[in-house]
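Survey of secondary and tertiary structure
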Amino acid sequence: MNPAGRRLVLATHLASSVGWIGAALGYLALGITAAATEDVETMRAAWIGMDLIGWLVIVPLAITALLTGIVIALGTPWGLFRHYWVVISLALTAFSVAILILHMPAVRSQADAAREAAPDHVLMLGGDVLHPAVGLAVLFVVMVLNIYKPRGMT
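Now for a look at the structure at hand.

**Description of the packing of helix α2 (residues 40-75) against helix α3 (residues 84-116)**
With their axes 9 Å apart at the nearest point, α2 and α3 run at an angle of 160° to one another. With respect to each other, α2 and α3 are oriented roughly antiparallel. Both α2 and α3 take part in a crossing whose hand is left-handed. Residues belonging to the contact of α2 with α3 are distributed by class as follows: 22 nonpolar, three polar and five charged.

Put into structure tokens, the structure is as follows:
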């Protein structure tokens, strides 16, 4: 890959990765709000917000980060399967994207229920804290791997 192309892909990768983390933090804030509130309208708004942020921001950024990470690995001397840290980073990112895509239909279902349910039932929806918290922890591990690049070839 030529230097200009590599820089463009790297910039796209960094922007999508950092955006993914930021959007996941916003999603977590809404999940905590939904878990802690006693107000029906706040609960409705939190679930609708989680649905919108999830599908329109987090999923596209996660897929972009995964794909640009693969392009970077293939287009640089690091390679896709030459170093343990790249393989682990790829596996954790792919796993995170898969879990995210599998989890989002449940979020859509909860958001639909929040829109349509009677006030008594809306408050029983609770929040979504575990998925974004674990996802952010995994993203932190991936970030550390990509910064420190531990030694070791496959």
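Here the narrative resumes.
**Digging into the packing of α3 against helix α5 (residues 130-148)**
Interaxial distance between α3 and α5 falls to 9 Å at its minimum, and their mutual angle equals 160°. Between α3 and α5, the angle falls in the class roughly antiparallel. Between α3 and α5 the crossing geometry is left-handed. Of α5, the residues touching α3 (which contributes W85, I88, S89, L92, T93, S96, I99 and H103) are H131, V138, V141, V142, L145 and N146. Class assignment of the residues belonging to the contact of α3 with α5 gives a composition of eight nonpolar, six polar and no charged.

**Quick word on the side chain of T68**
Tracing the sequence through the fold places T68 in helix α2. A polar contact is formed between the side chain of T68 and the backbone oxygen of A65, at a distance of 3.3 Å. Excluding residues within four positions of it along the chain, T68 makes contact with V9, T12, H13 and S16.

**Comments concerning the side chain of D128**
Structurally, D128 can be placed in the loop between α4 (119-122) and α5. A polar side-chain atom of D128 sits 2.8 Å from a polar atom in the side chain of H103. Apart from the residues within four sequence positions on either side, D128 is in contact with Y27, G31, W47, M50, H103 and V107.

**Quick look at unusual backbone geometry**
A positive phi angle, near 45°, is found at K149, a position not held by glycine. Looking at where K149 falls in the secondary structure, it is placed in the segment after α5. Looking at K149, the relative accessible area reads 31%, which means it is partly exposed.

**Things to note about the environment of Y27**
Of note, Y27 is situated in helix α1 (residues 3-36). In contact with Y27, other than residues within four places in its own chain, are M50, I53, I58, H103, V107, D128 and P132.

**Description of the nonpolar core**
W20 and W47 are the most contacted members of the largest nonpolar core, which has 28 residues in total. When residues of this core are assigned to their parent elements, the largest contribution, 11 residues, is made by α2. Once you skip the residues sitting within four places of it in the chain, W20 turns out to touch I58, L61, A62, A65, T93, S96, V97 and L139.

Rules and cut-offs
Residues numbered from 1 in each chain as written. Predicted model: local features only at pLDDT ≥ 70, side-chain atom pairs only at ≥ 80, totals over all residues. Heavy atoms only, no water. Axes fitted to C-alpha atoms, helices over the stretch in contact; angles between N-to-C directions. Helix = DSSP H or I, 4+ residues; strand = E, 2+ residues; numbered from the N terminus. Parallel < 35°, antiparallel > 145°, perpendicular 65-115°, else oblique. Left-handed = near helix turned anticlockwise from the far one by under 90°. Nonpolar A, V, L, I, M, F, W, Y, C, P; charged D, E, K, R; others polar. Contact = heavy atoms within 4.5 Å. Polar contact = N/O pair within 3.5 Å; in protein donor to acceptor, adjacent residues only side chain to side chain. Buried < 20%, exposed > 50% of the residue type's maximum accessible area, 1.4 Å probe, protein only. Core = buried A, V, L, I, M, F, W, Y, C linked by side-chain atoms within 4.5 Å.

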